[in-house]
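Here are the chains, one letter per residue:
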Amino acid sequence: MRMNAQGRLRPAPKQAEDPKADAAILAACPGVVAEAEARGCEADPVWGSYMQMHEAWAGDADIRFRAATGGVLTALGVHLLNSGKAAFILHCAADSDHPMRTRWVMSDTAQEVAARAGSRYGPSDTLAGLEAALRREEPFAIIAKPCDAGAVRARAKDDPRLSKLLVAVLVMVCGGASDLGKSQAVLHELDLAEDELTLFRYRGHGNPGPTRIETRDGRSFEKTYQEMWADEAGWRIQTRCKLCPDAIGEAADIAAADIWPDANPEGEDEGFNGVIIRSPEGQALFYAAVASGDLVQGVAHGPRDYDHFQPHQVRKKHAIASRLRGLTKAGRPVYAHKGLRIDELDTGDLSEEQGAEARARSGRFDDEMPSL
C-alpha cells in the first residue's frame, strides 16, 4: 500500500496484472464485492442483522477518558488479551515517526492496546498486516473499519487459517475515511510542517475530546470537535466511503458507535458507546467482558435509537442504490453486493443518481495509482 498524490492509500502493483493470480485479491476487495451474512437473531431493514444493542463503556476509567468515545473497542481488545482468548490484536495506531499518519500494528499486551487507543481520521491499511498476523499461527482479533471486516470475511472463504485463528472482528460504525488532505489542511492553517510534529491526536482525552497537535519545539494547538468536523464539505471523504453499503459493520462480531443525539455532541461527557452485537460470538465476548469488569453495560437500545444517533447512516443506506445507478450510467464499474438490502432500501432518488453520474463523468471519482 502506498500514498498517492491525493493523499489516499492505494495498492501499488509489484508486477504486471495477471487475472488468474489477482482473482483471490479481487474476491475479497471491498471495491469489488460487498457482502454481509445474517448471523443475528434480530433483523432491521436499515441496521441489518444483530443479536442485541446496548450502551456501554470501558470499565477502566483511564481507557474511557483517553479513547475516542467510551473506549469499548479498546476494552474488548484488553479483555481478549487478559483472558488469553487472543495472543495479539491486529489494529492501527499513529505512526511514531509521522504522527499525523497511521500504520498497522500488532499489540501483544493489554498495555499496548490501551496506549494506542483513539480514532485515526485518515488513510489506514490495517489489513496490510493480515498476512504477517496469520504467519504467527496464534489466535488473534482485528479492530478495524467496517470495509475491512467485509474483506476479512470474504478472504476467509479461501483462507482456512482465518477460520482457525481469528477469534473476533471488531469495528467502529464509520462516517467515512478522510484522505490525508484533511489533516494537511489543518497544518496549513497553523503554518506547520509535518516533520515538526510529535503528536497529532484526532479525538479522545474526553468525549469527543479535542484534536491536539504538539511540535518538537514544545508548541501545542487544539481544535474542538465542532471546529474540526462541523463543516462536512471539508471532511475530504474518499469516494468509496460515499458509496459504502456497510458503514455500520454488518460483517463484524461487534460494532461500536457514537451515540450523540442527531450525531452532534452537546459538549464533553464521560464517554459512552453504542454497541451493536452482530453474532453469537460477539454476544459471548461482550458478556464475558462485562463479567470481568473490562466493560460496563448501560441501557438497551433498538434500531430506531440508532436512526436518531446516526441519521446520516440511514440516509446513506437509502441513497446507495441511486448512487450506484449513477455510476453505471457514467460507464463506471460498481461492486457486487449481497445481503445488504440495497435494492430493498432503494428510494429512487433521482438527484442522488444524477449527482453520482455527474461526479463520475467530471473525473471527481478518479484516483492516481501509486507506483513502487
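That block above? That's the structure.
Below is a short write-up of the structure. (Residues numbered from 1 in each chain as written. Predicted model: local features only at pLDDT ≥ 70, side-chain atom pairs only at ≥ 80, totals over all residues. Heavy atoms only, no water.)

Further remarks concern the overall build of the chain. Tallying secondary structure elements over the chain gives 14 helices and 17 strands in all. Computed over the C-alpha atoms, the radius of gyration of the chain is 20 Å, within 12% of the 21 Å expected from 2.2 N^0.38 for a compact globule of 372 residues. With respect to the principal axes defined by its C-alpha atoms, the chain has extents near 55 × 50 × 45 Å. Sorting the 372 residues of the chain into buried and exposed places 51% on the buried side. Put simply, 71% of the contacts in the chain that link residues at least 6 apart link residues at least 24 apart. A total accessible area of about 17000 Å² is found for the chain, and carbon and sulfur atoms account for 51% of it. Considering the chain, the positive charge centre built from 45 side chains and the negative charge centre built from 56 side chains are found 4 Å apart. (Helix = DSSP H or I, 4+ residues; strand = E, 2+ residues; numbered from the N terminus. Rg over C-alpha atoms; globule rule 2.2 N^0.38 Å. Buried < 20%, exposed > 50% of the residue type's maximum accessible area, 1.4 Å probe, protein only. Contact = heavy atoms within 4.5 Å. Areas by Shrake-Rupley, 256 points an atom, 1.4 Å probe, with all protein chains shown as cover. Lys, Arg positive; Asp, Glu negative; His and termini not counted. Charge placed at Lys NZ, Arg CZ, Asp CG, Glu CD.)

Looking now at the sheet that holds strand E12 (residues 211-215). Working definition: the strands of a sheet are paired by backbone hydrogen bonds and lie parallel or antiparallel to each other. Strand order in this open sheet of 3 strands is E11-E12-E13, and the pairing throughout is antiparallel. Looking at which strands have only one partner, the edges of the open sheet turn out to be strand E11 (197-201) and strand E13 (220-223). On average, adjacent strands in this sheet sit at an angle of 10 degrees to one another, irrespective of strand direction. Direction of pairing for E12 relative to E13: antiparallel, over a ladder of 4 bridges. (Pairing = 2+ DSSP bridges. Axes fitted to C-alpha atoms, helices over the stretch in contact; angles between N-to-C directions.)

Within the secondary structure layout, Gly-77 lies in helix H3 (residues 72-82). On the basis of relative accessibility, which here comes to 0%, the residue Gly-77 falls in the buried class. With 11 residues separating them along the chain, Gly-77 and Phe-88 place their C-alpha atoms 8.6 Å apart. Discounting chain neighbours no more than four positions away, the residues touching Gly-77 are Ile-89, Val-113 and Ile-143.

Before going further, it helps to spend a moment on the sheet that holds strand E14 (residues 254-258). If you trace the 8 strands from one edge of the open sheet to the other, you get E8-E7-E9-E10-E14-E15-E6-E16, paired in mixed fashion. In the strand order of this sheet, the two ends are held by strand E8 (102-107) and strand E16 (295-300), each with one partner. Within the sheet, the average angular offset between the axes of one strand and its neighbour, ignoring direction, is 30 degrees. Bridge count for E14 against strand E15 (residues 273-277) is 5 bridges, and the pairing is antiparallel. Bridge assignment links Asp-258 to a residue of E15, and that residue is Asn-273. Against the sheet, H3 contacts strand E6 (52-58), strand E7 (88-94), E8, strand E9 (140-144), strand E10 (166-172), E14, E15 and E16, and its axis sits at roughly 165 degrees relative to E10. Relative to E16, helix H11 (residues 280-292) is tilted by about 115 degrees, and along the sheet it contacts E6, E10, E14, E15 and E16.

So, about the state of the cysteines. This structure, assessed with the given rule, holds 0 disulfides. No disulfide involves Cys-29; its nearest neighbouring cysteine sulfur is the one of Cys-147, lying 9.6 Å away. Exposure remark for Cys-29: the relative accessible area of 27% places this residue in the partly exposed category. Cysteine Cys-241 is unpaired, with the sulfur of Cys-174 as its nearest cysteine sulfur at 5.8 Å. (Disulfide = S-S within 2.5 Å.)

As a further point, take the nonpolar core. Generally speaking, soluble globular proteins have nonpolar side chains that are buried together. Formed by 31 residues in total, the largest nonpolar core has its most connected members in Trp-47, Phe-140, Ile-142, Ile-276 and Tyr-306. At the level of elements, E7, helix H5 (130-135), E9, helix H6 (146-156), helix H7 (160-165), E10, E14 and helix H12 (303-309) are the ones that each hand at least two residues to this core. Counting residues in each nonpolar core, the second largest holds 28 residues, with Met-51, Leu-73, Ala-86 and Ala-289 among its members. (Core = buried A, V, L, I, M, F, W, Y, C linked by side-chain atoms within 4.5 Å.)

With that settled, consider H6. All of the buried residues in H6 are Pro-146, Asp-148, Ala-149, Ala-151, Val-152 and Ala-154. Summarising the contacts, the buried residues of H6 are in contact with helix H1 (19-28), E9, H7 and E10.

To continue, consider H3. For H3, a buried count of 10 out of 11 residues is recorded, marking the element as mostly surrounded by other parts of the structure. Among the residues of H3, Val-72, Leu-73, Thr-74, Ala-75, Leu-76, Gly-77, Val-78, His-79, Leu-80 and Leu-81 are the ones counted as buried.

Right, let's talk about a nonpolar patch on the surface for a bit. Together, Ile-25, Leu-26 and Val-32 give the surface a local cluster of nonpolar side chains, amounting to about 260 Å² of exposed area. Mapped onto the secondary structure, Ile-25 falls in helix H1. Accessibility expressed as a relative area gives 56% for Ile-25, which makes it exposed. (Patch = residues over 30% accessible without salt bridge, like charges linked within 9 Å, V, L, I, M, F, W, Y side chains within 5 Å. Salt bridge = Lys/Arg side-chain N within 4 Å of Asp/Glu carboxyl O.)

It is possible for side chains bearing opposite charge to pair when their charged atoms get close. This structure, assessed with the given rule, holds 30 salt bridges. Note that Asp-108 is salt-bridged to Arg-136, the shortest N-O span being 2.6 Å. Taken together, the positions of Asp-108 in the loop between E8 and helix H4 (110-115) and Arg-136 in the loop between H5 and E9 put the pair 28 residues apart, joining distant regions of the chain. A salt bridge links Glu-357 to Arg-361; the nearest nitrogen and oxygen atoms lie 3.0 Å apart. Of this pair, Glu-357 and Arg-361 both sit in helix H14 (residues 350-362), separated by 4 residues, roughly a single helical turn.

Residue position: Thr-224 is located in the loop between E13 and helix H9 (225-229). Along the backbone, Thr-224 and Gly-129 are 95 residues apart, and their C-alpha atoms lie at a distance of 32 Å.

On to the packing of H1 against H6. Direction vectors running N to C along H1 and H6 enclose 135 degrees, while the axes themselves pass 7 Å from each other. When the interaxial angle is binned, H1 and H6 end up oblique. The residues of H6 that touch H1, namely those facing Ala-24, Ala-27 and Ala-28, are Ala-151, Ala-154 and Arg-155. When grouped by side-chain class, the residues that make up the contact of H1 with H6 number 5 nonpolar, no polar and 1 charged. (Parallel < 35°, antiparallel > 145°, perpendicular 65-115°, else oblique. Nonpolar A, V, L, I, M, F, W, Y, C, P; charged D, E, K, R; others polar.)

A few words now on empty space enclosed by the protein. Under the criterion given, the structure shown has 1 cavity of 30 Å³ or more. Considered as a void within the structure, the largest cavity measures approximately 30 Å³ in volume. Every residue along the wall of the largest cavity is listed here: Cys-244, Pro-245, Asp-246, Ala-247, Ile-248, Gln-313, Lys-316 and Lys-317. Taken together, the residues of the lining of the largest cavity sort by class into 4 nonpolar, 1 polar and 3 charged. (1 Å grid on protein atoms, 1.4 Å probe; cavity = no way out; pocket = protein on both sides within 12 Å on 5 of 7 lines; lining within 4 Å. Points joined across faces, edges and corners; volume = space filled by probe spheres on them.)

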